[in-house]
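# Remarks on the overall topology
Each chain, letter by letter, is given below.
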Amino acid sequence: MAKLKYTKETYLKWYEDMLLWRKFEDKTSALYIQQKIRGFLHLYNGQEAVLAGSIHAIDPKKDKMITAYRDHVQPIAMGVSPNNIMAELFGKATGTSGGKGGSMHMFSKKYNFFGGHGIVGAQVPIGAGIAFADKYNDTDAVTLCYMGDGAVRQGAIHETFNMAMIWNLPVIFICENNGYAMGTSVERSANHTDIWKLGLSYEMPCSPVDGMDPVAVSKAVKEAVDRARKGEGPTFLEMKTYRYKGHSMSDAQKYRTKDEIAEYQKIDPIAKVLEHIKKNKWATDDEIQATLDKIKATVKEAVDFAEESPFPANESLYKNVYVEEYPFIKE
Amino acid sequence: MRVIQFRQAIAEAMSEEMRRDEKVFLLGEEVAEYNGAYKASQGMLDEFGAKRVIDTPIAELGFAGIATGATMNGLKPIVEFMTFNFSLVAIDQIINSAAKMMQMSDGQFPMPMVFRGPTASAGQLGAQHSQAFESWYANCPGLKVVCPSNPYDAKGLLKASIRDNDPVIFMESEQMYGDKGEVPEGEYIIPIGVADVVREGSDVTLVSFGKIMKKVTEAADLLAEQGINAEVIDLRTVRPIDYDTVITSVKKTNRLVIVEEAWPLASLSSEIAFNVQKDAFDDMDAPVKRVCTADVPMAYAPNLVEEFMPKVSKIIEEVKSVMYVK
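Computed from a predicted structure; not experimentally measured.

### Side note on the interface of chain B and chain A
- Between chain B and chain A, the residue contacts involve 51 residues of the former and 41 residues of the latter.
- Regarding the contact of chain B and chain A, the summed buried area is about 3800 Å², with carbon and sulfur atoms giving 65% of it.
- If you sort the residues of chain B by the area they bury against chain A, Ile66, Asn73 and Met104 of chain B come out on top, with a joint share of 17%.
- Measuring nitrogen to oxygen at the nearest pair gives 3.0 Å for the salt bridge that ties Lys100 of chain A to Asp106 of chain B.
- Here chain B is connected to chain A by 22 residue pairs in polar contact (both at pLDDT 80 or more).
- Every element with two or more residues in the side of chain B that touches chain A is listed here: β2 (24-28), β3 (53-55), α3 (60-72), α4 (87-98), α5 (101-104) and α10 (268-280) of chain B.

Below you can see the structure in the form of structure tokens.
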């Protein structure tokens with residue numbers, strides 16, 4: 001299995017991808033305040049290196065991804081147009097879920113993105129099940145299954161780790177430890193803080209990873225992916241990362257200090273990648289500016305697309321609940 | 001015609017569908033090496049091997065979720081719960097995941113899967129092993145809920161459920177697995193959502209489903225001896241409910257008694273009574289009556305079990321009350 005390369009192109013792609021995700025999320029935040037986007041809104045800012053590194057280590061054409069409700073940018077990383085994500089956030093018919101899912105329920109079968117799940121930890125057995133099907137069908141595809149540091153305290157995770165081991169499933173469980181389960185710190189949610197060690201109970205390969213560094217992430221994920229593809233079963237990785245924004249838009253964040261956030265911004269993955277690009281003279285200032293302009297245009301296009309798209313037809317409420325016609329009670 | 005047990009009908013339905021479709025597989029506690037806690041998967045491990053007949057650890061939430069993910073990725077699992085009492089441990093995955101995925105993804109992820117196993121009471125098993133959750137599952141859009149009452153229906157309905165493109169809750173009974181009935185050798189399918197008028201009558205309509213149909217049939221026999229001809233409807237499916245058959249019958253008999261082994265509040269009998277008053281109000285010659293279980297947890301002592309359960313005598317009593325006869 002080919003080793004990962006870390007070229008100029010890798011870094012430029014990381015920079016562009018991560019900056020797009022950041023700017024996309026910033027825009028959704030602004031649109032939320034304008035009440036264009038409603039419901040709950042959970043932003044990915046700060047955690048981008050986990051996704052950038054992961055994507056570098058898989059083949060999105062065949063490998064699958066599933067995550068919880070902080071799920072706007074993962075489908076973009078897998079290939080979905082930002083237009084369709086923004087449209088979903090607006091509740092429009094052109095959204096990835098036809099306006100039925102909203103922020104927490106992005107889906108794209110075409111791009112192997114399996115959601116978008118709102119019950120903490122429930123996506124973990126589902127992720128193992130996706131991998132189960134690939135093993136059953138004898139493909140060499142793997143599934144990346146993300147969860148937060150809160151989710152690892154759910155019983156479903158432990159049941160799943162156990163079965164993933166006995167059935168040797170090609171799944172990589174990735175805990176994005178951003179320090180807080182909503183407002184409860186990792187320190188307050190368990191009597192141990194090394195989440196990766198949970199894998200030891202199941203004799204599952206496991207390790208902590210610097211989740212602010214896409215190189216470290218990609219190396220760890222690649223090693224796990226290679227193992228899974230060879231039929232050697234699951235891996236559990238704890239990505240030590242940080243979210244700059246609140247748990248959701250309604251989070252006053254009284255559980256942490258501004259200094260703490262500032263400390264993490266010093267190791268911001270996007271800034272770090274840009275620093276590396278500049279140090280190696282892989283892009284001129286003009287080229288960097290051009291990337292930023294391109295991203296701004298992409299985000300603007302997404303917003304325009306969402307604004308201009310229609311809401312779903314009222315009758316669509318009764319569509320796609322069942323596959324065939326169903327006698328709904330309508331009174 | 002050939003006579004087989006209910007459990008054999010279940011095993012035949014699963015085996016035939018697994019021969020027909022490689023994507024179908026069975027998982028659950030004790031389904032493989034033990035041949036099923038109630039022997040409803042007898043011989044299947046031998047025929048299909050451990051890849052497709054899979055023993056799970058005791059982790060209902062986990063394996064229901066894994067089955068859900070496998071369905072999203074193209075397989076068609078049959079999940080066996082040793083009893084639906086244990087399905088409560090898995091209900092998050094059934095309600096929040098399996099029943100929602102098609103809708104949340106706006107049709108990108110159809111969910112052809114079956115959750116099956118015995119429901120309700122089975123003798124002196126105490127409070128935690130004696131509950132009927134048909135109405136709980138029937139309440140949830142995205143699911144279909146099937147409750148066969150005999151071996152013939154069980155086979156035809158289970159085959160339909162496995163072939164169905166939506167998640168189906170298929171509820172059996174420990175007290176039916178040994179029941180014998182005529183089941184033809186050849187293949188047949190009974191469509192989901194179609195009730196069966198098992199006995200025609202003109203005086204009163206009796207509506208029920210699942211295991212408790214046995215008591216309804218017994219009551220109808222006793223009533224016939226007394227000159228009361230009950231029309232008996234086996235719903236067979238409780239989501240969706242075949243209201244056409246119920247309403248047509250009630251318009252003929254003008255009287256309805258619903259029999260359900262479940263707690264009365266927000267039960268299927270409540271729902272059916274609502275629909276009947278809505279659609280057949282002017283046809284009714286008496287209020288709708290029902291016979292449910294007692295509105296308490298099931299107890300252990302034999303007399304308390306008897307007191308808890310719908311009784312034949314109570315069914316007869318309610319029929320007579322709607323007919324205004326003593």
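More follows now that the structure is in view.
### Some words on the side chain of Asp166 of chain B
- Tracing the sequence through the fold places Asp166 of chain B in the loop between α7 (151-163) and β7 (168-172).
- In this structure Asp166 of chain B comes out as buried when scored by relative accessible area, which is 1%.
- At 3.3 Å, the side chain of Asp166 of chain B and the side chain of Lys144 of chain B are in polar contact.
- In contact with Asp166 of chain B, not counting residues within four places along its chain, are Val321, Tyr322, Val323 and Glu324 of chain A together with Met111, Pro112, Met113 and Lys144 of chain B.

### Focus on empty space enclosed by the protein
Residue and element names in this part refer to chain B.
- Inspection of every chain in the model, using the stated rule, returns 2 cavities of 30 Å³ or more.
- Volume-wise, the largest cavity comes out at about 110 Å³.
- In terms of lining residues, the largest cavity is bounded by 14 residues, among which Thr119, Glu134, Phe209, Gly210 and Lys211 are the most central.
- Among the residues forming the lining of the largest cavity, the class breakdown is 7 nonpolar, 3 polar and 4 charged.
- If you add up the space inside the second largest cavity, you get close to 40 Å³.
- In terms of lining, the second largest cavity is formed by Ser130, Gln131, Ala132, Glu261, Ala262, Trp263, Thr293 and Phe308.
- Partitioning the lining of the second largest cavity into residue classes produces 4 nonpolar, 3 polar and 1 charged.

### Section: the sheet that holds strand β4 (residues 76-80) of chain B
All names here are of chain B.
- On the basis of which strands lie adjacent, the open sheet formed by 7 strands has the order β3-β2-β4-β5-β7-β6-β12 and mixed pairing. The strands lining the two open edges of the sheet, one partner per strand, are β3 and β12 (237-239). Direction aside, neighbouring strands of the sheet carry axes that sit 20 degrees apart on average.
- Bridging between strand β6 (residues 144-146) and β7 involves 3 bridges; their strand directions are parallel. Within the sheet, the bridge partner assigned to Val146 lies in β7 and is Phe170.
- Each of β2, β3, β4, β5 (114-118) and β7 is contacted by helix α1 (residues 6-20), which is oriented at about 135 degrees to β2, the strand it contacts most.

### Some words on the layout of surface pockets
- The computed volume of the largest pocket comes to approximately 640 Å³.
- If you trace the largest pocket, you find 26 residues lining it, with Ile329 of chain A together with Arg239, Ile241, Tyr243 and Glu271 of chain B closest to the centre.
- Elements that contribute at least two residues to the lining of the largest pocket include exactly α6 (134-138), β12 and α10 of chain B.
- Among the elements that line the lining of the largest pocket, the one with the most residues is α10 of chain B, at 6 residues.
- Split into classes, the residues belonging to the lining of the largest pocket amount to 15 nonpolar, 5 polar and 6 charged.
- Space inside the second largest pocket adds up to approximately 300 Å³.
- Around the second largest pocket, the lining is made up of 21 residues, and of these Ala68, Tyr69, Arg70, Gly148 and Asp149 of chain A lie nearest the centre.

Calculation notes
Residues numbered from 1 in each chain as written. Chains lettered and ligands numbered in written order. Predicted model: local features only at pLDDT ≥ 70, side-chain atom pairs only at ≥ 80, totals over all residues. Heavy atoms only, no water. Contact = heavy atoms within 4.5 Å. Buried area = accessible area lost by both parts, 1.4 Å probe. Salt bridge = Lys/Arg side-chain N within 4 Å of Asp/Glu carboxyl O. Polar contact = N/O pair within 3.5 Å; in protein donor to acceptor, adjacent residues only side chain to side chain. Helix = DSSP H or I, 4+ residues; strand = E, 2+ residues; numbered from the N terminus. Buried < 20%, exposed > 50% of the residue type's maximum accessible area, 1.4 Å probe, protein only. 1 Å grid on protein atoms, 1.4 Å probe; cavity = no way out; pocket = protein on both sides within 12 Å on 5 of 7 lines; lining within 4 Å. Points joined across faces, edges and corners; volume = space filled by probe spheres on them. Nonpolar A, V, L, I, M, F, W, Y, C, P; charged D, E, K, R; others polar. Pairing = 2+ DSSP bridges. Axes fitted to C-alpha atoms, helices over the stretch in contact; angles between N-to-C directions.

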